[in-house]
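So the chains spell out like this:
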Amino acid sequence: MTNATVQMEGQLQDHVHDAVAPAAAHAKGQQHPIKLYLVVWAWLFVLSTCSYLVDYFGLQGSLRWSLILLFMMLKAGLIVAVFMHMAWERLALAYAILLPPVAVLVFVSIMVLESEYTHFLRVMFFATPA
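Below is a summary of the structure that appears in this document.

Cut-off values and rules
- Residues numbered from 1 in each chain as written.
- Predicted model: local features only at pLDDT ≥ 70, side-chain atom pairs only at ≥ 80, totals over all residues.
- Heavy atoms only, no water.
- Patch = residues over 30% accessible without salt bridge, like charges linked within 9 Å, V, L, I, M, F, W, Y side chains within 5 Å.
- Areas by Shrake-Rupley, 256 points an atom, 1.4 Å probe, with all protein chains shown as cover.
- Salt bridge = Lys/Arg side-chain N within 4 Å of Asp/Glu carboxyl O.
- Helix = DSSP H or I, 4+ residues; strand = E, 2+ residues; numbered from the N terminus.
- Phe/Tyr/Trp six-rings, centres within 6.5 Å; stacked < 30°, edge-to-face > 60°.
- Buried < 20%, exposed > 50% of the residue type's maximum accessible area, 1.4 Å probe, protein only.
- Expected span 1.5 Å × (residues − 1).
- Contact = heavy atoms within 4.5 Å.

1. Quick notes on a nonpolar patch on the surface
On the surface, a nonpolar cluster with roughly 690 Å² of combined accessible area is contributed by L91, Y95, L99, V102, V106, F107 and I110. With respect to the secondary-structure elements, V106 resides in helix α4 (residues 91-126).

As structure tokens, then:
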């Protein structure tokens with residue numbers, strides 16, 4: 001073989017090796033330590049226990065629902081962040097997934113405030129508790 005042929009074969013092998021190496025690294029993926037998952041499971045267990053204790057102690061009214069919703073949001077946040085790998089995603093993707101539910105919660109809270117105000121006005125002016 002000529003010197004040029006040997007050099008071209010060497011370059012071809014280098015290009016093939018460069019193309020295969022990232023594919024092999026990508027196939028392996030990012031590995032997270034098992035300790036992270038065990039800690040998250042423990043926190044989910046603690047938060048679920050706290051949620052059940054709210055009912056066990058017989059809390060009522062706004063405190064009960066506030067605590068239940070707080071524990072629910074904390075658990076959902078842990079699940080989304082770790083098990084759905086949102087903590088390792090780009091910020092733009094996280095905003096695209098997380099901002100719409102936050103906007104829905106804001107709009108629902110505005111509707112709740114408006115409904116309370118409407119109910120107050122009906123009772124005030126029409127004296128009907130309906």
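The structure having been displayed, the exposition proceeds.
2. Concerning the packing of aromatic side chains
Under the definition given, this model contains three aromatic pairs. For the pair Y37 and F83, a centre-to-centre distance of 5.7 Å together with 25° between the ring planes defines the contact as stacked. With Y37 in helix α2 (residues 34-56) and F83 in helix α3 (residues 61-83), this pair connects stretches of sequence that are 46 residues apart. The buried category is assigned to Y37, whose relative accessible area is 15%. For F83, a relative accessible area of 27% puts it in the partly exposed group. Aromatic pair Y56 and F57: ring centres 5.5 Å apart, planes at 70°, arrangement edge-to-face.

3. Let's talk about the pattern of salt bridges
In the structure shown here, the tally under the stated rule is one salt bridge. Residue D55 pairs with R64 through a salt bridge whose shortest N-O separation is 2.7 Å. The partly exposed category is assigned to D55, whose relative accessible area is 41%.

4. Some thoughts on α3
Helix length check: α3, at 23 residues, gives a terminal C-alpha distance of 33 Å against a target of 33 Å (1.5 Å per residue), a fit within 8%. If you check which residues of α3 are buried, you get I68, F71 and V82. Tucked inside the fold, the buried residues of α3 contact α2. Backbone geometry just after α3 places H85 at a positive phi near 60°.

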